[in-house]
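Geometric and topological summary
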Amino acid sequence: MSVTWSSLLDPAEFARRRARLMQAVGPDGVVLVPAAPPLRRNRDTEYRYRQDSDFYYLSAFPEPHALLVLLPGRPEGEFVLFCQPRDREMEIWNGYRAGPEGARTLFGADQAFVIGEADQRLPELLAGRRVVYAPQGSQPAFDAQLTGWLSAVRAKTRAGIAAPVAWQLLDSVLHPLRLLKSDAELGVMQRAADLSAEAHRRAMQAAAPGRFEYELEAELLHTFARHGCTAPAYGSIVGGGANACVLHYTENNRPLHDGDLVLIDAGGELDHYAADITRTFPVNGRFSAPQKALYEVVLAAQLAAIAAVQPGASWQAPHEAAVRVLTEGLLRLGLLSGEVDALIAAGAYRRFYMHRTGHWLGMDVHDVGEYQLDGQWRPLQPGMVLTVEPGLYVAPDDDSVDAQWRGIGIRIEDDVVVTPEGCRVLTAAAPKSVADIEALMAADRAAGVAA
Ligand code: GLY
Ligand code: MN
Ligand code: MN
């Protein structure tokens, strides 16, 4: 047995990415990307390995202890991969390895060497290149190695060998490429979105008073795993009642109470692509009047924000749309008082809405890419994927508002791709209108599934 190609995307997609990056870097540049290091969990147990997103984006190579080198225009080969050697004993204990031969035949490297040869070969590969594009600060061991390789080349300059004069962050050339998703990538993201929407539906169907938050988490994890997700894209949040007001609540260990809402923020990671969905719904299947009133405000804000996702619109436009609708709703329901424009200008909504309306989404849940260019919020372009996730959170001890609102936390989050015409919601299969949520939960109760 041996390593197999496991990405849902085909090798040509990865070759195109490398070609695009090398085009951006130019013939004087060289790209170095180390694989993610394995992470110890406790004693001799490690976390399940997850490849570095930049490394995977350029190679689909799934193993640790590897180094990717791109050398535009190099006659002996532009794509060089250093990796672990094949080792029968180690593979029996720890899993299959591609080895340098697999790196070439399966992953398309022009040349491949065992990682132990990096110190010897890197100074030679760096010679004559002017700018090194590599990460900095994320892996101290790699920073030290690269510093050593650069010193080794500089030591040879008297022999007429030119050494790199700059170490530039890889982010500056690679992340603009990752920000714009290809059709093939969007296909994978749609699959991640669909299976994550199914997970949310399953959790809604399983909810009932007396169940524990972790029981709903189990339904999510079951669905993710069933569809081939090796992990959730981030720690799942299942917060009943006022736990929904803790924005990064992940304890998920309390019982769900009749009459409360429950907020679930969870998404699967499929082939290194994230989905990120939040739904908030009643534990017993029916919204109370105050819950419904606040929910409708958040939903209207979310729909207004999604409508603002258009090519050419500013990154900030969905946030501004959401803030306006939230502020108007808070005024209407009596949680704020005053004049709407003045309240927005003063940021009065921040008491109930303390986060922003979204972020880039891709291989990382908070994906790479600049939000501003030259000090201005950047315009949206087709192929960008972002979340739209407004919310309202009324602290349980907020005595300044009517008691009926206290302890209600609501967020609604979808994943949206910018298209030439406007946008498309990838996560539409997760119900979010009051009627659709209540219908799904009632159908299930009538069938006696969620006793
Ligand atoms: N689940 C992380 C976020 O919504 O940003
Ligand atoms: Mn999010
Ligand atoms: Mn989220």
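All of these numbers come straight from a predicted model, not from anything done at the bench.

Cut-off values and rules
Residues numbered from 1 in each chain as written. Chains lettered and ligands numbered in written order. Predicted model: local features only at pLDDT ≥ 70, side-chain atom pairs only at ≥ 80, totals over all residues. Heavy atoms only, no water. Near = heavy atom within 4 Å. Polar contact = N/O pair within 3.5 Å; in protein donor to acceptor, adjacent residues only side chain to side chain. Areas by Shrake-Rupley, 256 points an atom, 1.4 Å probe, with all protein chains shown as cover. Nonpolar A, V, L, I, M, F, W, Y, C, P; charged D, E, K, R; others polar. Donors = N, O, S within 2.8 Å, 3.2 Å for Na, K, Ca; no water. Tetrahedral: all angles 85-135°; square planar, octahedral: opposite > 155°, others 65-115°. Helix = DSSP H or I, 4+ residues; strand = E, 2+ residues; numbered from the N terminus. Axes fitted to C-alpha atoms, helices over the stretch in contact; angles between N-to-C directions. Parallel < 35°, antiparallel > 145°, perpendicular 65-115°, else oblique. Left-handed = near helix turned anticlockwise from the far one by under 90°. Contact = heavy atoms within 4.5 Å. 1 Å grid on protein atoms, 1.4 Å probe; cavity = no way out; pocket = protein on both sides within 12 Å on 5 of 7 lines; lining within 4 Å. Points joined across faces, edges and corners; volume = space filled by probe spheres on them.

1. Topic: the site of ligand 1
Surveying the vicinity of ligand 1 reveals the residues Y234, D265, D276, H359, H366, E389 and E413. Contact between ligand 1 and D276: an oxygen atom at 3.2 Å from a side-chain N or O atom of the residue. Residue H359 places a side-chain N or O atom 3.0 Å away from an oxygen atom belonging to ligand 1. In isolation ligand 1 offers 190 Å² of accessible surface; the protein chains occlude 87% of this area. Classifying every residue of the shell around ligand 1 by side-chain character gives one nonpolar, two polar and four charged.

2. Concerning the coordination of the manganese ion (ligand 3)
Note on the manganese ion (ligand 3): its protein donors are D265 (OD), D265 (OD), D276 (OD) and E413 (OE). The metal-donor distances range over 2.0 to 2.4 Å. Metal-centred angles of 56 to 170° between the six donor atoms at the manganese ion (ligand 3) mark the site as irregular. Look at where the donors of the manganese ion (ligand 3) fall in the sequence and you get D-x10-D-x136-E. A distance of 3.2 Å spans the gap from the manganese ion (ligand 3) to the manganese ion (ligand 2), which D276 bridges by coordinating each metal. Here D276 lies in the loop between β13 (273–274) and β14 (277–282) and D265 lies in strand β11 (residues 261–266), a separation of eleven residues in the sequence.

3. Details of the packing of helix α8 (residues 183–206) against helix α9 (residues 213–226)
In the contact formed by α8 and α9, the axes pass within 8 Å of each other and the chain directions differ by 150°. Our classification of the angle between α8 and α9 gives roughly antiparallel. In the packing of α8 onto α9, the handedness of the crossing is right-handed. Where α8 approaches α9, its residues L195, S196, E198, A199, H200, R202, A203 and A206 are matched on the opposing element by L216, E219, L220, H222, T223, F224 and R226. For the contact of α8 with α9, the class distribution of residues is seven nonpolar, four polar and four charged.

4. Let's talk about the coordination of the manganese ion (ligand 2)
The protein atoms that coordinate the manganese ion (ligand 2) are D276 (OD), H359 (NE2), E389 (OE) and E413 (OE), at distances of 2.0 to 2.2 Å. Because the angles between the six donor atoms bound to the manganese ion (ligand 2) fall within 50 to 153°, the donor set is best described as irregular. Donor residues for the manganese ion (ligand 2) sit on one chain with the sequence pattern D-x82-H-x29-E-x23-E.

5. A look at empty space enclosed by the protein
Using the criterion set out here, one finds one cavity of 30 Å³ or more in the structure. The space that makes up the largest cavity amounts to roughly 60 Å³. Considering the residues around the largest cavity, the lining is formed by W315, P318, H319, R356, T357, G358, L386 and T387. Of all elements in the fold, only α11 (317–333) and β17 (385–388) reach the threshold of two or more residues within the lining of the largest cavity.

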